[in-house]
Every structure is written in C-alpha cells, then in structure tokens.
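# A closer look at the structure
Here's the letter readout for the chains.
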Amino acid sequence: FPTAIIGVSILANVLIYGTVQPDLGTGLLTGRQLPAWAIFHSLFIWWLIWSPTESTFYNGYLFPRIEALSGKTWMAVAMVGFFWALQHIFFPFIPEGKYLIWRFLQFLPIGLLMPILFARLRRLRPLIITHWLMDIASVVLTIEL
C-alpha cells in the first residue's frame, strides 16, 4: 500500500501538474494542521469507526451486489474502485478541476486494490485492518508538535 500510494501520487503529480512535487498547499495532509479537538477525534474516534464502515459498505455490501447483478467480478472491482476513489476527492474538498482529477487518480489504485483483494480473500477483517493502518497514518501526518 505505501508503494502504491507514493508511486501513484508521483505519477498523478506528473500527469496533472507536470512536476514530481507540485505546490498543493492545503490539499496535502502535511499542508494543514488540525485543531486539538479534531486531532482527538481523529486519533480516538474517526479511524476506528470510518475504516470498518467504509470497507463494509464498499466490499461487504456493494461489491457482492454488483457482482451478482452483472455476473462479472471485474465489473464489481471497477465500479467499487471508481466510487471509492470518487468519494475521496472530497477530503479535503478543494473546488479546483486539476486538484480534483489529481485526487481521483491518487486514490484510484487503492480503490481498485481493495476490491481485488476482497475478491480473492472474501474476508473483510484483513481489509479493515489495512484500512485502519492507512487512516491512522493519514491522521499522524496532520499532527504538528
């Protein structure tokens, strides 16, 4: 996951902004600092609730239904990956076209990788744990001591 995130972020940077390190300001986790109440919520509540909720909805609920309706696993992977990536362009929401496309491209590989893993494993727990690790890492990146 870290390799995919870093590699795809660099590729998205070059494709959308023409440079390896564009100035994205508050569009990056490290470009903003959360207030104390938000750090507390993020460290002790948000990632514990959101990771299982998101994984359960996309992989446990949506994936099997799309797969059953279409009869195709690849269709379920593609649709779940698309909507998962689409959801993540809004965190944080910066209404600028290039940024939104960049954010979508940044999350698409992870959005596709999770349902691919679910299609092979057919178990949510490993995906939820992986998602927890990614979400807690993103929270830690916003903390400035």
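In this text, all values refer to a predicted model and were calculated from it rather than measured experimentally.

### Regarding the overall build of the protein
Counting its regular elements, the protein contains five helices and zero strands. Long-range pairs, those at least 24 residues apart, make up 71% of the contacts in the protein with a sequence separation of at least 6. Counting every atom, the protein has about 8,500 Å² of accessible surface; 73% of that belongs to carbon and sulfur.

### Considering the packing of aromatic side chains
Summed over the entire model, instances satisfying the criterion amount to 10 aromatic pairs. Geometrically, the ring pair formed by Phe40 and Phe44 is tilted, given 5.1 Å between the ring centres and 45 degrees between the ring planes. Here Phe44 and Phe40 lie together in helix H2 (residues 36-70), a separation of four residues that amounts to about one turn. Centroid distance Trp47 to Trp132: 6.0 Å. Interplanar angle 80 degrees. Geometry classified as edge-to-face. Within this pair, whereas Trp47 is found in helix H2, its partner Trp132 is found in helix H5 (residues 125-141), the two being separated by 85 residues in sequence. These aromatic residues form a ring-pair network of at least three members: Phe57, Tyr58, Tyr61 and Trp84.

### What to know about the pattern of salt bridges
As enumerated under the stated definition, the model contains one salt bridge in all. For the salt bridge of Arg122 with Glu67, the shortest nitrogen-to-oxygen distance reads 2.8 Å. Of the two residues, Arg122 is situated in the loop between helix H4 (97-121) and H5 and Glu67 in helix H2; the sequence distance between them amounts to 55 residues.

### Quick notes on a nonpolar patch on the surface
Side chains of Met79, Phe82, Phe83, Leu86, Phe90, Phe91 and Phe93 sit close together on the surface and give an oily, nonpolar patch of about 630 Å² of accessible area. On the basis of relative accessible area, Phe82 is assigned to the partly exposed category, the value being 37%.

### Quick word on the nonpolar core
Tyr58, Leu62, Phe63, Ile66, Val80, Trp84 and Met114 are the most contacted members of the largest nonpolar core, which totals 13 residues. Mapped by element, the contributors of at least two residues to this core are H2, helix H3 (73-87), H4 and H5.

### A short note on the environment of Val77
With respect to the helices and strands, the residue Val77 is situated in helix H3. On the basis of relative accessible area, Val77 is assigned to the buried category, the value being 11%. For the pair Val77 and Leu113, spaced 36 residues apart in sequence, the C-alpha to C-alpha distance is 8.3 Å.

### Considerations on unusual backbone geometry
At Arg122, a residue that is not glycine, the phi angle is positive and equals roughly 55 degrees. Judged by relative accessible area, Arg122 falls into the partly exposed class, the value being 41%.

### What to know about the packing of H4 against H5
Think of two packed helices as two axes; the pair is described by the angle between the axes and how far apart they sit. In contact at an axis separation of 10 Å, H4 and H5 are set at 155 degrees when each is read in the N-to-C sense. Classed by the angle they form, the pair H4 and H5 counts as roughly antiparallel. Across from Ile110, Met114, Leu117, Phe118 and Leu121 in H4, the residues of H5 making contact are Pro126, Leu127, His131 and Met134. Its residues placed into classes, the contact of H4 with H5 shows eight nonpolar, one polar and no charged.

### What to know about H5
For H5, built from 17 residues, the straight-helix expectation of 24 Å at 1.5 Å per residue is met to within 8% by its first-to-last C-alpha distance of 24 Å. Residues of H5 that are buried include every one of Leu127, Ile128, Thr130, His131, Met134, Asp135, Ser138 and Val139, and no others.

### Re the environment of Leu108
Mapping Leu108 onto the fold places it in helix H4. Taking the C-alpha atoms as reference points, Leu108 and Val8, 100 residues apart in sequence, are found 8.8 Å from one another. Excluding residues within four positions of it along the chain, Leu108 makes contact with Gly81, Phe82 and Ala85.

The rules behind the values
- Residues numbered from 1 in each chain as written.
- Predicted model: local features only at pLDDT ≥ 70, side-chain atom pairs only at ≥ 80, totals over all residues.
- Heavy atoms only, no water.
- Helix = DSSP H or I, 4+ residues; strand = E, 2+ residues; numbered from the N terminus.
- Contact = heavy atoms within 4.5 Å.
- Areas by Shrake-Rupley, 256 points an atom, 1.4 Å probe, with all protein chains shown as cover.
- Phe/Tyr/Trp six-rings, centres within 6.5 Å; stacked < 30°, edge-to-face > 60°.
- Salt bridge = Lys/Arg side-chain N within 4 Å of Asp/Glu carboxyl O.
- Patch = residues over 30% accessible without salt bridge, like charges linked within 9 Å, V, L, I, M, F, W, Y side chains within 5 Å.
- Buried < 20%, exposed > 50% of the residue type's maximum accessible area, 1.4 Å probe, protein only.
- Core = buried A, V, L, I, M, F, W, Y, C linked by side-chain atoms within 4.5 Å.
- Axes fitted to C-alpha atoms, helices over the stretch in contact; angles between N-to-C directions.
- Parallel < 35°, antiparallel > 145°, perpendicular 65-115°, else oblique.
- Nonpolar A, V, L, I, M, F, W, Y, C, P; charged D, E, K, R; others polar.
- Expected span 1.5 Å × (residues − 1).

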